[in-house]
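The chain contents come next:
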There are 2 protein chains.
Amino acid sequence: MSQEKRVQKEQSKWMQGKGPMSDVVISSRARLARNLADFSFPSREQKEDLQEVSRQVVEALQDLPYRLDFLALDQLSELEKKALVERHLMSINQAGPGPEKGLALDRDQMISIMVNEEDHLRIQVLYPGMQLQDALRLVDEVDDALEQKLKYAFQEKWGYLTCCPTNLGTGLRVSVMVHLPGLKMTGNLQQTLQLVARLGLAVRGLYGEGSESAGNVFQLSNQTSLGLREEEIVDNISGVIDQVVEKERQARQELLQQREVDIKDRIWRAYGLLAYARRITSEEAIALLSDLKMGIDLQIIEGIDSSILSQLMVLIRPATLQLINNRELDEAQRDIKRAELIKEKLGGGEKHVR
Amino acid sequence: MSQEKRVQKEQSKWMQGKGPMSDVVISSRARLARNLADFSFPSREQKEDLQEVSRQVVEALQDLPYRLDFLALDQLSELEKKALVERHLMSINQAGPGPEKGLALDRDQMISIMVNEEDHLRIQVLYPGMQLQDALRLVDEVDDALEQKLKYAFQEKWGYLTCCPTNLGTGLRVSVMVHLPGLKMTGNLQQTLQLVARLGLAVRGLYGEGSESAGNVFQLSNQTSLGLREEEIVDNISGVIDQVVEKERQARQELLQQREVDIKDRIWRAYGLLAYARRITSEEAIALLSDLKMGIDLQIIEGIDSSILSQLMVLIRPATLQLINNRELDEAQRDIKRAELIKEKLGGGEKHVR
């Protein structure tokens, strides 16, 4: 298997692990935007500049205390690039056309560095559960190590220079993926998300800006990074996340107390359909997996790992599904293979009857 | 347990057994309408007449070669009467008000005799599968035995006299309950039922005239009994049923060949929902049980008896469900108990995965 294929078939650490608050928080991400001094931004498409940036980055990667593999994106198929987007290791933008694009990944796929996306470097750390502090610590370590080799564009007044002004300053964007089925079912979701917005966070769907909130999963992130220290940014968002987690847990308890049969029926039906369907669309599967995860987190369903949603919401995506099956699949074929994969992951359905 | 309760809790033979063509034919029924000479029809509500009819019938039952228990319907609760209707042992009409109504039943609930319904006597035999000839033979035996004790109203010209002219002549009504999910799914159902109607049969839903065709189950019966011998009536309807069964089997094979994934998906989803739902309405359950039975008959699902539909389409009905649970249940409670009963009958869901 080529290195690229391996990279996209194995699971990223964030999909498998459990972290703090993993009943509600799926993953925590810290990302730094950096540019090299003396070279034009990628948007200018100065191929020689970008080539040199890429060369310098690859060289700097050799000396890092982490082993990172560098993928030149023009060597990858469309499917392979899409699969990397599906598991949140790079942006949709980075999968599109553009010169000298690259992606560096560690074996656990916790550290990913996009080269020549909007900025020369986007250094990302992605952890399971609520681990923003740890994600920040690691992304800072990687950044510090790179800074010893690379000359970053930095000004006293503006901090790190970035293509988009919202990234000026620390260049830090932190985001947390949360699963809010309880708030959805109690009808309190919009209100909560509005509160989150008033507290200064951006709310997005599963695949960032403009994407839909499939499976009741939302990305909450800071909007600006200028004028705040990194720790302040992380503290702010952590405080909001604490409140969201608390509200979600309350909503689930309320459902369990006031609509127990409702909720158990919904959860078990989701299980029954996931375990027995012979074909299923992405949309239906993610909606049912959302119910299933809530059932597991509420201990209504036992014997299935709570990470089932994190895992499958990536593995059943079109590109990843095709890579897993080692061939191109049309929509109808994907629906069948998706159902098979889910059935397999659920252990064939025979284990989890109360 | 009172005799009445026992009678309605145990299963009728037709619900359990398999007969010929039981992949399509659920049950076969032969029914004779008889009236005693010298007494007015029940519709006249001459209480003394009806009392005497009932007395004579009960007396005649003592000497039959079959053991039949006689239930005076005014001694039964509404629930108990409804449960007898739900298992097709008496008509909806017989469960309603009216003087001196009775029902005689054998232990297997294959023979049932309504007393003082529209006619003084409605003698019914109900068999599983396609067994019209046998049903006719047994109903004739019971009729002959009763005729030795009772003086039937009979005229050479009109045959047995009955309240409704459509029952004149032999007084015989034969009907067959068929399960036609394949024709429904291939879109050929209406065409087939129209053919059946052109061939002189009446088409009704699960609970006779005006009732809906829940679960793709239909009752096909002869329309008149005057001018034909009993054997001719049975031969006619048997010929039509043969054609319907053939068309249904063809439809299922066509589905399996042309829409295999479709059909398997539908069947397994039905199983998944039935095995895991925590509450379910009658309508949804019967629709899903219809899919499940087709899956069993097509050997897509193994390890579940094909009689599951015949059994459950009675046991999950409101009155029967309440009798099984020994208490009155409101609609929401019934939905929960119905789901529990189905789950139990399916063996908890863990056996039938592949």
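Residues numbered from 1 in each chain as written. Chains lettered and ligands numbered in written order. Predicted model: local features only at pLDDT ≥ 70, side-chain atom pairs only at ≥ 80, totals over all residues. Heavy atoms only, no water.

1. With respect to the overall build of chain A
Moving on, step 1. Across its full length, chain A carries 14 helices and 10 strands.
Moving on, step 2. Over its C-alpha atoms chain A spans a radius of gyration of 21 Å, differing by no more than 12% from the 20 Å that the globule rule assigns to 354 residues.
Moving on, step 3. Here the C-alpha coordinates of chain A stretch approximately 65 × 45 × 30 Å along the principal axes.
Moving on, step 4. A buried classification covers 59% of the 354 residues belonging to chain A.
Moving on, step 5. Within chain A, counting contacts between residues at least 6 apart in sequence, those at least 24 apart form 71% of the total.
Moving on, step 6. Split by element, the accessible area of chain A, about 14800 Å² in all, is 45% carbon and sulfur.
Moving on, step 7. Positive and negative charge centroids in chain A, built from 46 and 54 side chains respectively, lie 4 Å apart. (Helix = DSSP H or I, 4+ residues; strand = E, 2+ residues; numbered from the N terminus. Rg over C-alpha atoms; globule rule 2.2 N^0.38 Å. Buried < 20%, exposed > 50% of the residue type's maximum accessible area, 1.4 Å probe, protein only. Contact = heavy atoms within 4.5 Å. Areas by Shrake-Rupley, 256 points an atom, 1.4 Å probe, with all protein chains shown as cover. Lys, Arg positive; Asp, Glu negative; His and termini not counted. Charge placed at Lys NZ, Arg CZ, Asp CG, Glu CD.)

2. A few points about the domain arrangement of chain A
All names here are of chain A.
Moving on, step 1. When the domains of chain A are assigned, the result is domain 1 (3–251) and domain 2 (259–353).
Moving on, step 2. If you look at the interface, domain 1 gives 28 residues, while domain 2 gives 27 residues.
Moving on, step 3. Here domain 1 and domain 2 share an interface that buries about 2300 Å² over both sides, 64% of which is from carbon and sulfur atoms.
Moving on, step 4. Connecting domain 1 to domain 2 are one salt bridge.
Moving on, step 5. Among the ionic pairs, Asp305 bridges to Lys18, the shortest N-O distance being 3.4 Å.
Moving on, step 6. Counting across the domain 1 and domain 2 interface gives eight residue pairs in polar contact (both at pLDDT 80 or more).
Moving on, step 7. Broken down by secondary-structure element, the contributors of at least two residues to the side of domain 1 that touches domain 2 are helix H1 (3–9), helix H2 (13–16), helix H4 (78–86), strand S8 (172–179) and helix H7 (181–186).
Moving on, step 8. For the side of domain 1 that touches domain 2, the element with the highest residue contribution is H4, accounting for five residues. (Domains from an automatic or database assignment. Buried area = accessible area lost by both parts, 1.4 Å probe. Salt bridge = Lys/Arg side-chain N within 4 Å of Asp/Glu carboxyl O. Polar contact = N/O pair within 3.5 Å; in protein donor to acceptor, adjacent residues only side chain to side chain.)

3. Looking at the side chain of Ser238(B)
Residue and element names in this part refer to chain B.
Moving on, step 1. Looking at where Ser238 falls in the secondary structure, it is placed in helix H9 (residues 230–258).
Moving on, step 2. At 2.7 Å, the side chain of Ser238 forms a polar contact with the backbone oxygen of Val234.
Moving on, step 3. In contact with Ser238, other than residues within four places in its own chain, are Met130 and Leu132.

4. Brief notes about the environment of Arg334(B)
All names here are of chain B.
Moving on, step 1. Positionally, Arg334 belongs in helix H14 (residues 331–345).
Moving on, step 2. We classify Arg334 as buried; its relative accessible area is 16%.
Moving on, step 3. When the C-alpha atoms of Arg334 and Arg317 are compared, they prove to be 9.0 Å apart, with 17 residues separating the residues in sequence.

5. Examining the packing of helix H8 (residues 189–198) of chain B against H9(B)
Residue and element names in this part refer to chain B.
Moving on, step 1. Where H8 contacts H9, the two axes come as close as 11 Å, and the packing angle between them is 170°. On the basis of their axis angle, the class for H8 and H9 is roughly antiparallel. Residue-level inspection shows Thr192, Leu195 and Val196 of H8 in contact with H9, the latter providing Val240, Gln243, Val244 and Lys247.
Moving on, step 2. Looking at the contact of H8 with H9 residue by residue, the class counts come to four nonpolar, two polar and one charged. (Axes fitted to C-alpha atoms, helices over the stretch in contact; angles between N-to-C directions. Parallel < 35°, antiparallel > 145°, perpendicular 65-115°, else oblique. Nonpolar A, V, L, I, M, F, W, Y, C, P; charged D, E, K, R; others polar.)

6. Here's the deal with the sheet that holds strand S2 (residues 68–72) of chain A
The strands that make up a sheet pair up through hydrogen bonds in the backbone, lying either parallel or antiparallel.
Residue and element names in this part refer to chain A.
Moving on, step 1. Strand order across the open sheet formed by eight strands is S2-S3-S4-S5-S1-S8-S10-S9, with antiparallel pairing between neighbours. Two strands lie at the open edges of the sheet, namely S2 and strand S9 (201–204), each paired on one side alone. Taking the axes of each pair of neighbouring strands and ignoring which way they run, one obtains an average angle of 20° across the sheet.
Moving on, step 2. Bridge count for strand S4 (residues 111–115) against strand S5 (residues 121–128) is five bridges, and the pairing is antiparallel. In the strand pairing of S5, Met114 is matched with Arg122.
Moving on, step 3. This element, helix H12 (residues 308–315), spans strand S1 (25–34), S8 and strand S10 (217–222) of the sheet and lies at about 60° to S1. (Pairing = 2+ DSSP bridges.)

7. Section: the sheet that holds strand S3 (residues 102–106) of chain B
All names here are of chain B.
Moving on, step 1. With antiparallel pairing, the eight strands of this open sheet are ordered in space as S2-S3-S4-S5-S1-S8-S10-S9. Looking at which strands have only one partner, the edges of the open sheet turn out to be strand S2 (68–72) and strand S9 (201–204). Between one strand axis and the next, the sheet turns by 20° as a mean value, whatever way the strands run.
Moving on, step 2. Direction of pairing for strand S8 (residues 172–179) relative to strand S10 (residues 217–222): antiparallel, over a ladder of five bridges. Paired with Ser175 across the bridge in S10 is Ser221.
Moving on, step 3. Most of the contacts of H9 go to S8, to which it runs at about 10°, and overall it touches strand S1 (25–34), S8, S9 and S10.

8. A look at the packing of helix H11 (residues 282–297) of chain B against helix H12 (residues 308–315) of chain B
All names here are of chain B.
Moving on, step 1. With their axes 9 Å apart at the nearest point, H11 and H12 run at an angle of 165° to one another. When the interaxial angle is binned, H11 and H12 end up roughly antiparallel. Of the two elements, H11 crosses H12, and the hand of that crossing is right-handed. Contact with H11, carried on its side by Ile286, Leu289, Ser290, Leu292, Lys293 and Ile296, involves Ile308, Leu309, Leu312 and Met313 of H12 and no other residues of that element.
Moving on, step 2. When grouped by side-chain class, the residues that make up the contact of H11 with H12 number eight nonpolar, one polar and one charged. (Left-handed = near helix turned anticlockwise from the far one by under 90°.)

9. Looking at the environment of Ser12(B)
Residue and element names in this part refer to chain B.
Moving on, step 1. Considering the arrangement of structural elements, one finds Ser12 in the loop between helix H1 (3–9) and helix H2 (13–16).
Moving on, step 2. On the accessibility criterion, Ser12 (0% relative accessible area) is buried.
Moving on, step 3. If we ignore the near neighbours within four places in the chain, the residues touching Ser12 are Arg87, Leu89, Asp108 and Gln109.
Moving on, step 4. At 2.5 Å, the side chain of Ser12 forms a polar contact with the side chain of Gln109.

10. Some thoughts on the pattern of salt bridges
Residues and elements named next belong to chain A.
Moving on, step 1. The full count for this structure, using the stated rule, is 54 salt bridges over all chains.
Moving on, step 2. Where Asp38 meets Lys151, a salt bridge forms, and the shortest distance between an N and an O atom there is 3.3 Å. Residue Asp38 is found in the loop between S1 and helix H3 (47–62), and its partner Lys151 is found in the loop between helix H6 (132–147) and strand S6 (154–155); the two are separated by 113 residues along the sequence. For the pair Asp38 and Lys151, a shared accessibility class is recorded, and that class is exposed.
Moving on, step 3. With its nearest N and O atoms 2.7 Å apart, the salt bridge here joins Arg137 to Asp134.

11. Considerations on the state of the cysteines
Throughout this description, disulfide means a covalent bond between two cysteine sulfur atoms.
Moving on, step 1. Under the definition given, this model contains zero disulfides over all chains.
Moving on, step 2. The structure places no disulfide on Cys164(B), whose sulfur is separated from the nearest cysteine sulfur, that of Cys163(B), by 6.8 Å. (Disulfide = S-S within 2.5 Å.)

12. Quick look at unusual backbone geometry
All names here are of chain A.
Moving on, step 1. Phi angles above zero are rare outside glycine, and Asn116 is one such case at about 60°.
Moving on, step 2. Assignment of secondary structure puts Asn116 in the loop between S4 and S5.
Moving on, step 3. Classification of Asn116 by relative accessible area gives buried; the value is 2%.

13. Re the confidence of the model for chain A
The predicted coordinates of low-pLDDT regions are not to be read in fine detail.
Residue and element names in this part refer to chain A.
Moving on, step 1. Counting all residues, the mean pLDDT for chain A is 90, and 92% of those residues have values of 70 or more.
Moving on, step 2. Contacts from residues 349–354, a stretch scored under 50 in pLDDT, to residues over four places away or in other chains number 24 contacts.
Moving on, step 3. Model confidence for the complex: the whole-complex pTM is 0.90, and ipTM, which rates the interface, is 0.89. (pLDDT = per-residue confidence, 0-100.)

14. Some words on the packing of aromatic side chains
Moving on, step 1. Scanning the model with the defined rule gives 11 aromatic pairs over all chains in all.
Moving on, step 2. Judged by centre distance (5.9 Å) and plane angle (85°), the ring pair of Tyr152(A) and Tyr160(A) falls under edge-to-face. For the pair formed by Tyr152(A) and Tyr160(A), the shared burial category is buried.
Moving on, step 3. An aromatic cluster is built from Trp268(A), Tyr271(A), Tyr276(A), Trp268(B), Tyr271(B) and Tyr276(B), whose rings are joined through pairwise contacts.
Moving on, step 4. One cation-aromatic arrangement involves Arg34(A) over Tyr160(A); the distance from NZ or CZ to the ring centre is 3.5 Å. (Phe/Tyr/Trp six-rings, centres within 6.5 Å; stacked < 30°, edge-to-face > 60°. Lys NZ or Arg CZ within 6 Å of the ring centre and 35° of its normal.)

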